[in-house]
Amino acid sequence: MAQRSLTAWFTLPGLRQPALPTAAEAASFDALLPKLGYLSKAEVKRVREAYRFADEAHLGQKRATGEPYITHPIAVAGICAEWRLDAQALMAALMHDVVEDCGISKTELIEKFDATTADLVDGLTKLDKLQFSTKEESQAESFRKMLLAMARDLRVILVKLADRLHNMRTMGAMAPHKARRIARETFDIYAPIAHRLGLNQTFRELQDLSFQYFHPWRYAALSKAVGKARGNRRDLVSRIEGEIRAAFAKAGLRVEVQGREKTVHSIYKKMREKGGLSFAQVSDIFGFRILTEEPLQCYTGLGVLHQLYKPQAGRFKDYIANPKDNGYQSLHTTLMGPLGTPLEFQVRTEGMHQIAEQGVAAHWIYKSRGKQASALIAQQANARWLQSLIDIQDETRDANEFLEHVKIDLFPDAIYVFTPKSKIMALPKGATPVDFAYAIHSDVGDHCVAAQVNGEAVPLRAELKSGDIVEVITAPGASPNPAWLSFVRTGRARSKIRHYLKDLEQEESRELGEKMLAQAMRGEGLGLPSLAPDDPAAAIWHDLAAWAGSATVDQLLIDIGAGRKISTILAKKLARLMAEQGQKPDALALTLGRFATAPVEQGGVTIDGSEGASVQLASCCRPIPGDEVRGYLGRGEGLVVHTCECAVGRRLFQRDSEHWIPVEWAEELSRSFEAGIALLMTNGKGVLAQVAQAVAQAEADITHIAMSDEAPMRETAELTLLIAVRDRLHLADVLRVLRRTSPVQRVWRVKP
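Criteria and thresholds
Residues numbered from 1 in each chain as written. Predicted model: local features only at pLDDT ≥ 70, side-chain atom pairs only at ≥ 80, totals over all residues. Heavy atoms only, no water. Pairing = 2+ DSSP bridges. Helix = DSSP H or I, 4+ residues; strand = E, 2+ residues; numbered from the N terminus. Axes fitted to C-alpha atoms, helices over the stretch in contact; angles between N-to-C directions. Parallel < 35°, antiparallel > 145°, perpendicular 65-115°, else oblique. Left-handed = near helix turned anticlockwise from the far one by under 90°. Contact = heavy atoms within 4.5 Å. Nonpolar A, V, L, I, M, F, W, Y, C, P; charged D, E, K, R; others polar. pLDDT = per-residue confidence, 0-100. Buried < 20%, exposed > 50% of the residue type's maximum accessible area, 1.4 Å probe, protein only. Expected span 1.5 Å × (residues − 1). Arc of directions from axis to C-beta. Salt bridge = Lys/Arg side-chain N within 4 Å of Asp/Glu carboxyl O. Phe/Tyr/Trp six-rings, centres within 6.5 Å; stacked < 30°, edge-to-face > 60°. Polar contact = N/O pair within 3.5 Å; in protein donor to acceptor, adjacent residues only side chain to side chain.

A. Expanded view of the sheet that holds strand E10 (residues 456-458). Taken in spatial order, the three strands line up as E10-E9-E11 in an open sheet, and their pairing is antiparallel. In this open sheet, the two strands that pair with only one neighbour each are E10 and strand E11 (470-474). Here the average twist between neighbouring strands, direction ignored, is 35 degrees. Note: strand E9 (residues 448-453) against E11, five bridges, orientation antiparallel. From the neighbouring strand, glutamine 452 faces E11, where its bridge partner is glutamate 471.

B. How the structure looks around the packing of helix H23 (residues 491-523) against helix H26 (residues 567-580). Their axes nearest at 9 Å, the elements H23 and H26 cross at an angle of 60 degrees. On the basis of the axis angle, H23 is oblique to H26. As for the relative orientation of H23 and H26, their crossing is right-handed in sense. Of H26, the residues touching H23 (which contributes Met516, Leu517, Ala520 and Met521) are Ser567, Thr568, Leu570, Ala571, Leu574, Ala575 and Met578. Among the residues making up the contact of H23 with H26, the classes are represented as nine nonpolar, two polar and no charged.

C. Here's a closer look at the confidence of the model for the protein chain. The predicted model of the protein chain has a mean per-residue pLDDT of 78, with 77% of residues at 70 or higher. Of all the helices and strands in the protein chain, helix H18 (residues 372-381) carries the lowest mean pLDDT, 46, while helix H30 (residues 728-739) carries the highest, 93. Note on residues 127-134: pLDDT under 50 across the span, and nine contacts to partners over four residues away in sequence or across chains. Every residue in residues 593-603 scores below 50 in pLDDT, and together they form 19 contacts with partners more than four places removed in sequence or on other chains.

D. Structural view of the pairing of strand E2 (residues 286-292). Buried residues dominate E2, accounting for seven of its seven residues. Residue alternation in E2 divides its side chains into two sets, Phe286, Phe288, Ile290 and Thr292 and Gly287, Arg289 and Leu291, and both sets are buried. Relative to E2, strand E1 (residues 256-261) is paired through six bridges, and the arrangement is antiparallel. When the sheet's bridge partners are listed, glutamate 256 is paired in E2 with leucine 291. In this structure, E2 lies alongside strand E6 (residues 342-349), joined through six bridges in parallel fashion. By the bridge assignment for E6, threonine 292 is matched with threonine 349.

E. Layout of the sheet that holds strand E17 (residues 673-682). Read across the sheet, four strands follow the order E18-E19-E17-E20 without closing on themselves; strand pairing throughout is antiparallel. Each edge of the sheet is formed by a strand with only one pairing partner; in this case those strands are strand E18 (701-707) and strand E20 (744-749). The mean inter-strand angle of the sheet, taken between neighbouring strand axes irrespective of direction, is 25 degrees. Alignment of E17 against strand E19 (residues 716-725), held across 10 bridges, turns out to be antiparallel.

F. Representation of helix H15 (residues 295-308) in the model. Taking 1.5 Å per residue as the helical rise, H15 with its 14 residues ought to reach 20 Å, and the 21 Å between its terminal C-alpha atoms agrees with that figure. Among all positions of H15, only Gln297, Cys298, Gly301, Leu302, Val304 and Leu305 are buried. Take H15 and look down its axis: the buried residues cluster within an arc of 160 degrees, on one side only. Summarising the geometry of H15, the exposed residues directed more than 90 degrees from the buried face are Leu296 and Gln307.

G. Focus on the pattern of salt bridges. Taken as a whole and judged by the stated rule, the model has 20 salt bridges. A salt bridge links glutamate 514 to arginine 510, with the nearest nitrogen and oxygen atoms 3.1 Å apart. Of this pair, glutamate 514 and arginine 510 both sit in helix H23, separated by four residues, roughly a single helical turn. Exposure remark for glutamate 514: the relative accessible area of 28% places this residue in the partly exposed category. Under the relative-accessibility criterion, arginine 510 is labelled partly exposed at 24%. Between arginine 510 and aspartate 554 there is a salt bridge, and its shortest N-O distance comes to 2.7 Å. Taken together, the positions of arginine 510 in helix H23 and aspartate 554 in helix H25 (residues 553-561) put the pair 44 residues apart, joining distant regions of the chain. Judged by relative accessible area, which is 40%, aspartate 554 ranks as partly exposed.

H. Seen up close, the pairing of E6. With respect to burial, E6 is a largely interior element, eight of its eight residues being buried. Alternating positions in E6 separate into two faces, Pro342, Glu344, Gln346 and Arg348 on one and Leu343, Phe345, Val347 and Thr349 on the other, with burial throughout. Note: strand E5 (residues 331-336) against E6, six bridges, orientation antiparallel. Opposite methionine 336, over in E6, you have proline 342 as the bridge partner. The antiparallel pairing of E5 with E6 creates a hairpin that spans five residues between the two strands, and glycine 340 there sits at a positive phi of about 75 degrees.

I. Main features of the packing of aromatic side chains. Here the structure, examined in full by the defined rule, presents eight aromatic pairs. Where phenylalanine 288 meets phenylalanine 345, the ring centres are 5.4 Å apart and the plane angle is 25 degrees; that geometry is what we call stacked. One end of the pair, phenylalanine 288, is in strand E2; the other, phenylalanine 345, is in strand E6, with 57 residues separating them in the sequence. Judged by relative accessible area, phenylalanine 288 falls into the buried class, the value being 1%. Residue classification places phenylalanine 345 among the buried positions, given a relative accessible area of 1%. Among the aromatic side chains, those forming a connected cluster through ring pairs are Phe211, Tyr219 and Tyr268.

J. Spotlight on helix H7 (residues 115-123). Those residues of H7 lying buried are Thr117, Ala118, Leu120, Val121 and Gly123. The distance from a side-chain oxygen at the start of H7 to the backbone nitrogen of threonine 116 is 3.1 Å, and the residue carrying that oxygen is aspartate 114.

K. Here's a closer look at the environment of alanine 538. Along the chain, the position of alanine 538 falls in helix H24 (residues 538-548). The exposure class of alanine 538 is buried, given its relative accessible area of 11%. Taking C-alpha positions, alanine 538 is 9.2 Å from valine 553, a pair spaced 15 residues apart along the chain. When near neighbours in sequence (up to four residues on either side) are disregarded, alanine 538 contacts Ala532 and Pro533.

L. View of the environment of arginine 650. By the secondary structure assignment, arginine 650 is in helix H28 (residues 647-655). Of note is the side chain of arginine 650, whose polar atom sits 2.6 Å from the backbone oxygen of glutamate 645.

As structure tokens, then:
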């Protein structure tokens, strides 16, 4: 294996800047032709046709730099050609802006070229901004379209990354505020996607270019410092190079030695992470890469290096035995150099290096060389993430929420944990057993109740660490807990939990809406028509839904339960529709419906404590079983239950009486309820402990304590508690016990 000189690898600050052609060359197909040697003559001919089509479509258009616009598609296709993408991808790269900027339709592309190329171009085309109320909404929806197109065909995102890379390389002519916005978008979205797909060279360059435009002064200062340090350390680099070569020659190993320099952004990141280090304190600016011929030689080479320089404890990582999620494989170790300077080494094979730098793009490189099986490592490693995009899309209809989930999954840092059957699972840093459960299967996550890590029980919110053996315990009747959303780290887990909770909320809203409409229909002297799809009344329901502007009957009932539509108005319309079919109100039912007082007979809502988001207990009066209650149907809030004594509820009733419905407590309750109480007590040592002991003696729980800031300075203090009780009788027991407690002078229930 030929050995390259280290000098060539240290001439630039981490980024490979290609030589720029002249304006005339850049605007012609000749700028692209030398890079197409891996294609057949027929494929080159098709690419040339795409160039002519794009050149004609963009005729007269200029870039911000003043160059003909066609120079951009040619440069994008050139980057794709460096990745050895196929002819269809290069054609899409040349035509990626013709739909958005030139008014060309997808149908025209299908007729002129082929359906696959047209699909690739369509996946790269932003949506019409006029369809959306805000720029952010349009942008999020365009991202969703692109990422879902990527899940179907990986070439979409590769062409998009090439497009963004060239735009970032040529952004100098753009207004600073616009450049900063694009740089932030690139740093937050496109660079992490490149990293996730294993395109590390592209990832590093996008990060550095984003940093350059987002923090230009910091970038300039660090670039100057790196250049100066490179000159100062040239002798040290030459010395280390000589020692490495001699050590491997003595061991009889043929390797390629490469030097690598940290990018400006990675140096800046390290300075920030280490508590504000100065540039002079960052010692490991340079590193070395050893390329071997076979995987076994990587471990032998590691031994040679450890014999040459002393390794630092805890700084060794084996990504060959445990590859990263994006297919990356390498051995990492940090050694103490000749002058006590830490040196980072990566040891890998040529094939691993190709995948490490080009990621999934290596698939096409190897395919052209007849080594497709080896290159599929990176592609297979990303299959689960690409599938998760489709899963998240199925459960997340909101574009901003979809983008939020995708961003969560783009964390570059990962941990590697094991199932009880020794299968390796890659998860983002900070992941919990719930993330692990959903990574295995959505059913496992939905029914997760407990977890064991390394044989010991842990909370579901515990953070996992690399090497942990995780076992999830499930129960058939278990369901996702809304509190999980506060600690899960993967987009898959978050979208699955949210999807379940939304379905549950809609189901509850539908049941509530049906009850409310049935009650309103009693006021019209009619019963609710059958909701069976094959019943003759189905036509009436569809007419009612269409009149109300709801897509389906189920959506209509959900809207009623959620307070978005008023049941009494809909009942009157439904009564008219039924009258048109000859159904008249019953006089007795009409009288009972309008004047009866029994809530259950009127179809009122019964509360047992198992209600979800569609039924809420008002925080102003905190009703508990035994209180006389009624329900207010706020617009978009669902049903809010107040006590009949509540001052807030009385004001709402006077202002909007039609939105109130009967509510009563169930005979059997499923949980305890919170009540607010206030205590006036003598200040002193241990009084809080006495109060807590009294509440516990009454078999209640304290859920919240509040005390004024001045209370510790006074002889008496007023304390407010939230306590969980079963009903009014239980609350009375708690108050009785508290009154007998010596420090307590007075205690009462808090009411608005």
